[in-house]
Amino acid sequence: MNRTEISAKQMEMTVAMFLVGSSLISSGSSEAQQDTWICVLLAFALSVPLVWVHARILELYPGRSYFGNMIQVLGKPAGRTVSVVLLLFTFQLSAFVLRTFAEFIHIVNMPETPLVAISACVTAVAVYVLENRLHVLARICKFTLPLLIATLGVTIALSAPSMELDHLKPFLHSGWSHIAYGTLTYFSMTYGELIVCAPMFCELDRKEKVFPVFLRGALWGFLILFGADLRNLLILGYSSGVFLFPSFEAVSVVALGDFFTRIEVLIGINLLMAGFLKNCVMLTTVCIGIAKTFGYRDYEPFVAPCALLIMALSEIVQDNTEQLFQWIRYFSYFSIPFQVLLPVLVLIVGTVRKRRRRPPGKEAEAPRPQAPAAE
């Protein structure tokens, strides 16, 4: 297997683009309504310990193999079972994300185009990118993220006249129960998915520590999402919860006179790029997981078959758009065992087993003083 290590900056940008992904186009309101921005802050705060858990699992043993470390910690039968369960969850999540972006393209730009045709185009490009190895994907993310940040800054500046601070009032009016539910939704739909990013760190430069790189990537993603959520709330207010794609609707108000209009078309390109890269990361994790779980040396042969399976699953996962977005209400409860409980359990077991497997101590006793020779 040809190995090309990924630099810290490239990995940070890849994690950030993954987080932005589908969350950027669907970001807007939640059960907390005008207090949604509080949910975003709390969700990121909860993600910091989770990032540390993933980083510790990666560093339990040399090689930074997430699935390999789980198998080594739990033993082959239990470890492979847990890996397969996590792979099935990632398969389902990949199909959900692919279907979300196919629906976005279908509803916004191509209503006459079948969903399967849109999914096939996205899948074909993803296979082409990943067959050239993961470092190619990381380089694309490093090039794309600054463009996404610049676009976000431009849209915030141009839409400032349409923003109203009153849309954030009354403060904490939604109640702590709705804020807690909104926080759980944002956490599971965004930061909880970081478990999908963790297996990529097997190709991070060995001179870099995992936790600082992982955390900086999550921080970049948080800043972009927080800016987009705040922009949408200030422009759309309560109505942001009505739209399926609030970011696209919020940017549609941006115009420079009668000359420069329909800027949301340009924003749509950025959203599609972010979603495409997120699908690539998920496909990579699935392939790496299969290779590590079943003892193959390379994940590249599994890229095309897994991509086709994910595309097929995305077509049958839900019957229509309404069911797709209703599933979000239940996704939080469904995903928490995979996103939080499973990694924490693996880390606890791995830490305990490493402490019990200390090498036999070499008792270097100090030389005993010899009795003075009898004179």
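Since this is a predicted model, take the numbers as computed values, not measurements.

Trainee: Give me the side chain of arginine 64: which residues, what numbers.
Mentor: Residue position: arginine 64 is located in the loop between helix 2 (36-58) and helix 3 (66-74). Buried and without a salt bridge, arginine 64 has glutamate 59 as its closest oppositely charged side chain, separated by 4.3 Å. At a separation of 3.4 Å, a polar atom in the side chain of arginine 64 contacts the main-chain carbonyl oxygen of aspartate 205. In contact with arginine 64, other than residues within four places in its own chain, are Leu58, Glu59, Phe201, Cys202, Leu204, Asp205, Arg206, Glu208, Lys209 and Val210.

Trainee: Pulling in residues and values, what's your account of helix 7 (residues 176-189)?
Mentor: Between its terminal C-alpha atoms helix 7 stretches 20 Å, which fits the 20 Å expected from 14 residues at 1.5 Å a residue. Residues of helix 7 that are buried include every one of Ile179, Gly182, Thr183, Thr185, Tyr186, Phe187, Ser188 and Met189, and no others.

Trainee: Which residues make up the packing of aromatic side chains, and what are the values?
Mentor: Given two aromatic rings, their pairing is described by the distance between the two centres and the angle made by the two planes. All told, the structure shown has nine aromatic pairs when counted by the stated rule. When the ring of tyrosine 296 is compared with that of phenylalanine 302, the centres are 5.1 Å apart and the planes differ by 75°; the resulting orientation is edge-to-face. Using a relative accessible area of 49% as the deciding quantity, one classes tyrosine 296 as partly exposed. Overall, phenylalanine 302 belongs to the buried group, its relative accessible area being 18%. One cation-aromatic arrangement involves lysine 278 over phenylalanine 18; the distance from NZ or CZ to the ring centre is 5.1 Å.

Trainee: Now, about the pattern of salt bridges: what can you tell me, with residues and values included?
Mentor: For side chains bearing opposite charge, pairing can occur when the charged atoms are close. Summed over the entire model, instances satisfying the criterion amount to five salt bridges. Residue lysine 9 pairs with glutamate 12 through a salt bridge whose shortest N-O separation is 3.7 Å. Taken together, the positions of lysine 9 and glutamate 12, both in helix 1 (residues 8-26) and three residues apart, correspond to about one turn of that helix. Taking the relative accessible area as the measure of exposure, lysine 9 reaches 39% and is therefore partly exposed. With a closest N to O distance of 3.0 Å, aspartate 298 and arginine 133 form a salt bridge. With aspartate 298 in the loop between helix 10 (264-293) and helix 11 (303-316) and arginine 133 in the loop between helix 5 (115-130) and helix 6 (134-158), this residue pair connects regions lying 165 residues apart in the sequence. Via salt bridges that share partners, Lys9, Glu12 and Arg216 belong to a single interconnected network.

Trainee: I'd love a proper account of the environment of phenylalanine 104, names of residues and values included.
Mentor: Turning to its location among the elements, phenylalanine 104 is positioned in helix 4 (residues 76-108). In this structure the C-alpha to C-alpha distance between phenylalanine 104 and leucine 115, which are eleven residues apart in sequence, comes to 10.0 Å.

Trainee: Outline unusual backbone geometry, supporting the account with residue identities and numerical values.
Mentor: For arginine 64, which is not glycine, the phi torsion reads 55° and is therefore positive. Owing to a relative accessible area of 10%, arginine 64 belongs among the buried residues under this scheme.

Trainee: I'd love a proper account of the environment of glycine 182, names of residues and values included.
Mentor: Locating glycine 182 in the fold gives a position in helix 7. What makes glycine 182 buried here is its relative accessible area of 1%. Along the chain, glycine 182 and tryptophan 37 lie 145 residues apart, while their C-alpha atoms are 9.7 Å from each other.

Trainee: Now, about the confidence of the model for the chain: what can you tell me, with residues and values included?
Mentor: Looking at the chain, pLDDT values average 80 and 85% of them are 70 or higher. A low-confidence stretch, residues 362-369 (pLDDT under 50), is modelled with zero contacts involving residues beyond four sequence positions or located in other chains. Scored below 50 in pLDDT, residues 371-375 makes zero contacts in the model with residues more than four places away or belonging to other chains.

Trainee: Lay out the packing of helix 4 against helix 11 with the relevant residues and their values.
Mentor: Put simply, helix 4 and helix 11 touch, their axes get as near as 8 Å, and they point 65° apart. Judged on the interaxial angle alone, helix 11 and helix 4 are roughly perpendicular. Both helix 4 and helix 11 take part in a crossing whose hand is right-handed. Across from Phe91, Gln92, Ser94, Ala95, Leu98 and Arg99 in helix 4, the residues of helix 11 making contact are Cys306, Leu309, Ile310, Met311, Leu313, Ser314 and Glu315. Of the residues contributing to the contact of helix 4 with helix 11, the split by class is eight nonpolar, three polar and two charged.

Trainee: Before we move on, could you go through a nonpolar patch on the surface and cite the residues and values that matter?
Mentor: On the surface, Leu42, Phe171, Leu172 and Trp176 cluster together into a nonpolar patch covering about 430 Å² of accessible area. Along the chain, leucine 42 turns up in helix 2. According to the relative accessible area criterion, leucine 42 is partly exposed, its value standing at 37%.

Trainee: Give a description of the layout of surface pockets that names residues and reports values.
Mentor: Taken as a whole, the second largest pocket encloses approximately 250 Å³ of empty space. If you go around the second largest pocket, you meet 13 residues; those closest to its centre are Ile105, Ile118, Cys121, Val122 and Leu272. At the level of elements, helix 4, helix 5 and helix 10 are the ones that each hand at least two residues to the lining of the second largest pocket. Tallying contributions element by element places helix 5 first for the lining of the second largest pocket, with five residues.

Calculation notes
- Along each chain, numbering runs from 1 in the same order as the chain's sequence is written.
- Reporting of local features is limited, given that this is a predicted model, to residues whose pLDDT is at least 70; pairs of side-chain atoms are given and counted only at 80 or more, and all residues count toward the totals for whole chains, interfaces and linings.
- Each side-chain value is derived from all of the structure's non-hydrogen atoms; neither hydrogens nor water enter the calculation.
- Secondary structure elements are taken from DSSP: a helix is a run of H or I of four residues or more, a strand is a run of E of two residues or more, and numbering for both begins at the N terminus.
- Each residue gets one of three labels from its accessible area relative to the maximum for its type: buried under 20%, exposed over 50%, partly exposed in between, using a 1.4 Å probe on protein chains only.
- His is not counted, nor are the chain ends; Lys and Arg add positive charge and Asp and Glu add negative charge.
- Between Lys or Arg on one side and Asp or Glu on the other, a salt bridge is scored when a side-chain nitrogen of the former is within 4 Å of a carboxyl oxygen of the latter.
- N or O atoms within 3.5 Å of each other form a polar contact, as long as, within protein, one can give a hydrogen and the other can take it, and as long as residues adjacent in sequence are counted only when both atoms are side-chain atoms.
- Whether two residues are in contact is decided by their heavy atoms: any pair within 4.5 Å suffices.
- In this analysis, the expected span of each helix is defined as 1.5 Å times one less than the number of residues it contains.
- Ring pairs are drawn from Phe, Tyr and Trp, using the six-membered ring of Trp, whenever the two centres fall within 6.5 Å, and their geometry is named by plane angle: stacked under 30 degrees, edge-to-face over 60, tilted for the rest.
- Geometrically, a lysine NZ or arginine CZ counts as sitting over a ring once it is within 6 Å of the ring centre and also within 35 degrees of the ring normal.
- Each residue gets a pLDDT score, which is the predictor's confidence in that residue and runs from 0 to 100.
- What counts as an axis is a line fitted to C-alpha atoms, over the stretch in contact for a helix, and the angles between N-to-C directions run from 0 to 180 degrees.
- Should an angle lie under 35 degrees it is considered roughly parallel, over 145 roughly antiparallel, and from 65 to 115 roughly perpendicular; all remaining angles are considered oblique.
- In this scheme the handedness of a crossing depends on how the near helix is turned from the far one: anticlockwise by less than a right angle means left-handed, clockwise means right-handed.
- Under the convention adopted here, Pro, Cys and the residues Ala, Val, Leu, Ile, Met, Phe, Trp and Tyr are nonpolar, Asp, Glu, Lys and Arg are charged, and Gly plus all remaining residues are polar.
- Patch building starts from residues that exceed 30% relative accessible area and form no salt bridge, then joins like charges within 9 Å and nonpolar side chains (Val, Leu, Ile, Met, Phe, Trp, Tyr) within 5 Å.
- For accessible areas, the Shrake-Rupley method is used with a probe of radius 1.4 Å. Any residue's cover is judged against the shown protein chains and nothing else.
- Here a cavity means grid points, on a 1 Å grid over the protein atoms only, where a 1.4 Å probe fits yet cannot get out; a pocket means an open set of points with protein on both sides within 12 Å along at least five of seven lines; lining residues are those with an atom within 4 Å of a point.
- Grid points are joined across faces, edges and corners, and a volume is the space filled by probe spheres set on the points.

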